[in-house]
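Understanding the architecture of this molecule
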Amino acid sequence: MDIGGLLKELLLEDKVLIHFDFMNGFFDINKSVVVTWGVIAVLALTLIFLTSNMKLHDIRTKQLVAESIVDGLRGITGGMLGEEGYKYRDFMAVVLVFIGASNLVGLFGFTPATMDLNVTLALALTSIVLVEAAGIIEKGFGKWLKGFSQPMAIVTPMNILELAIRPLSLCMRLFGNVIGATVIMELLKMAVPVVVPAAFSVYFDIFDGLIQAYVFVFLTSLYIKEAIE
Amino acid sequence: MLSISIMNIVYTVINLLILYVVFRLFLFKRVDAVLQKRREEIEQATAEAVKKEKEAENFKESYAKKLQDVGKECDEMVAKSKKDGYDEYDRIINDAKEKAEQIIIEAKHNAQIEAQREKDAYVSELTDLVVHAANKIAVSKHDEETDKELYNKFIFEAIEKSE
C-alpha cells in the first residue's frame, strides 16, 4: 500500500489537459474544464431531448419530467431566495445543477470537476459578483455602499472583509469536501477493493456531492437575500 | 495542486454561463412557454364559462319574464271571457224578458179578442132567442095568462142559459 504515492498522484497530478505553446502556457486548459464541457454537452442533449415536441395536452413522460425538473429546481432555489430574489432563482438552479453534475461525474470514473480549485474559485467568484450585483441593482449603488457601515460604522472593515471571506469560504468548503471525499474513497478502495467502497460511494460520491451543491447554492441564496433586503 | 490559473477560472465562468444559456433556451423558456399557454387556455376557458353562465342567466330572466307575461295574458283572457259571458247572459236574459213581455201582451190581446168574440156569440144567441121567443109569442094565442106564462118561461130560459 503506497498511500503517499496515491496522495501524490491525486493531489499533485498535472491538471493541464490541453497545452498551448504560447505565453508560457497561460491559456492551458485544465482537465476539469474539459470535464465540464462534457457535463454541459450531456445536460444540453438531455434537455433538448426532454423538451422537444412539447405539447399542451396529453403530455408524454419526458415532458412531464422536464416540467417536474423546472418545478423542482425553482421550488428549491425559489424557497431559499424568497419573494424579493425571485428573478435569481433560475441562475441559482443552474449553479445547483452545475455543481451537482460536476460532483457526480466521479460516479462515471472521471475526476470531479469541483476537485480543481480553479473551478470552485470560479463558482465562488461568480456567486459573490452575483450577490453584490443583486445588492446594487435592488438598492442602488449609494445604498449598497452605505450598507457596509450598517448596523454600525465600526463593523465596516468586517463587512469589507466579508467580500473576500464569503467567496473564499464557499470555494474552500466545496473544494475541500470533494477532494476529501475522493481521497477517502481512493484509500477505501486501496484497503478493501470490493463491496465496501460501493456502499461508501453512495455517501461520498452521491450524497456528499449533492449536499455540497445544495449548501453552496443555499449560502449564495442567503447572501443574495441579505444583500437585497 | 493549489495552482491557480486565471484562464481556467475564466473558462469555468464561461462554462457556467453557457450552461445557464442552455438551461434557459432548452428548459426554462420551453417549459415556461407551455405553462404560459396552458394558463392562457385555462383563463380562456374560465372566461368562456363565465360568459356562458351570464348568457344562461339572461335566458332564464327572459324566460321568467315571458312566463309572467303569458300568465298576465292568460288572466286577461279569462277576465275577458268572463265579461263576455256576463254580457251574453245579460243579453239573453233581456231578450227573454222582452219576449216574455211580448208574449204576455199578445196573450192579453188574444184574450181580449176571444172575449169579444164570445160576447158577440152570446149576443147573437140572445138575439136568436129573443127572435125565437118573439116568434113563439106571435104564433100562439094571446091572453094575459099565456103571455105571463110565456114571459116567465122566457125569463127562466134566459136565466138557465145565462147560468
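Residues numbered from 1 in each chain as written. Chains lettered and ligands numbered in written order. Predicted model: local features only at pLDDT ≥ 70, side-chain atom pairs only at ≥ 80, totals over all residues.

1. Here we look at the overall build of chain A
Helices and strands together make up the secondary structure of chain A, namely eight helices and two strands. Ordered by position from the N terminus, the helices and strands of chain A form the series α-β-β-α-α-α-α-α-α-α. Along the first, second and third principal axes, the C-alpha atoms of chain A reach 60 × 55 × 40 Å. Looking at chain A residue by residue over its 229 residues, the buried ones come to 34%. For chain A, restricting intrachain contacts to residue pairs at least 6 apart in sequence, the fraction spanning at least 24 positions comes to 64%. (Helix = DSSP H or I, 4+ residues; strand = E, 2+ residues; numbered from the N terminus. Buried ≥ 20, exposed ≤ 12 C-beta atoms within 10 Å, placed from the backbone. Contact = placed C-beta atoms within 7 Å.)

2. Thoughts on the interface of chain A and chain B
Across the boundary between the two partners, chain A contributes 34 residues, which contact 27 residues of chain B. Put simply, the parts of the chain that give the side of chain A that touches chain B at least two residues each are strand E2 (29-30), helix H2 (31-51), helix H3 (61-81), helix H4 (89-104) and helix H5 (117-139) of chain A. Looking at the side of chain A that touches chain B, the element that brings in the most residues is H2 of chain A, giving nine residues. Here the side of chain A that touches chain B is built from residues that sort into 26 nonpolar, five polar and three charged. (Nonpolar A, V, L, I, M, F, W, Y, C, P; charged D, E, K, R; others polar.)

3. Quick word on the confidence of the model for chain B
A low pLDDT means the predicted coordinates there should not be read in detail. Here chain B shows a mean pLDDT of 88. Residues at 70 or above account for 96%. Scoring the predicted complex yields pTM 0.71 and, for the interface, ipTM 0.87. (pLDDT = per-residue confidence, 0-100.)

4. What to know about the environment of Asp 120 of chain B
Here Asp 120 of chain B shows up in helix H1 (residues 6-139). Separated by 42 residues in sequence, Asp 120 of chain B and Ser 162 of chain B have C-alpha atoms that sit 14 Å apart.

5. Description of the packing of H3 of chain A against helix H8 (residues 196-228) of chain A
All names here are of chain A. Between H3 and H8, whose axes approach to 8 Å, the crossing angle comes to 40 degrees. Comparing the axis directions of H3 and H8 gives the class oblique. H3 and H8 meet at a crossing whose hand is right-handed. For the pair formed by H3 and H8, the contact residues are Thr 77, Met 80 and Leu 81 on the first element and Val 217, Phe 218, Ser 221, Ile 224 and Lys 225 on the second. Broken down by class, the residue content of the contact of H3 with H8 amounts to five nonpolar, two polar and one charged. (Axes fitted to C-alpha atoms, helices over the stretch in contact; angles between N-to-C directions. Parallel < 35°, antiparallel > 145°, perpendicular 65-115°, else oblique. Left-handed = near helix turned anticlockwise from the far one by under 90°.)

6. Brief notes about the nonpolar core
Val 95, Leu 96 and Leu 123 of chain A together with Leu 27 of chain B are the most contacted members of the largest nonpolar core, which totals 54 residues. If you list the elements that add at least two residues to this core, you get H2, H3, H4, H5, helix H7 (156-191) and H8 of chain A together with H1 of chain B. Residues in contact with Leu 96 of chain A, not counting those within four places in the same chain, are Leu 73, Ile 76, Thr 77, Ala 213, Tyr 214 and Val 217 of chain A. (Core = buried A, V, L, I, M, F, W, Y, C linked by C-beta atoms within 7 Å.)

7. Considerations on unusual backbone geometry
Residues and elements named next belong to chain A. Phi is positive for Val 195, which is not a glycine, with a value near 60 degrees. Tracing the sequence through the fold places Val 195 in the loop between H7 and H8. Of the residues examined, Val 195 has 8 C-beta atoms within 10 Å and is grouped as exposed.

8. Examining H1 of chain B
Residues and elements named next belong to chain B. In this model H1 runs 192 Å from its N-terminal to its C-terminal C-alpha over 134 residues, within 8% of the 200 Å that 1.5 Å per residue would give. For H1, the principal kink sits at Arg 24 and spans about 40 degrees. Within H1, only 13 of the 134 residues are buried, which leaves it mostly out in the open. (Expected span 1.5 Å × (residues − 1). Bend = angle between axes of the 7 residues up to and from the residue.)

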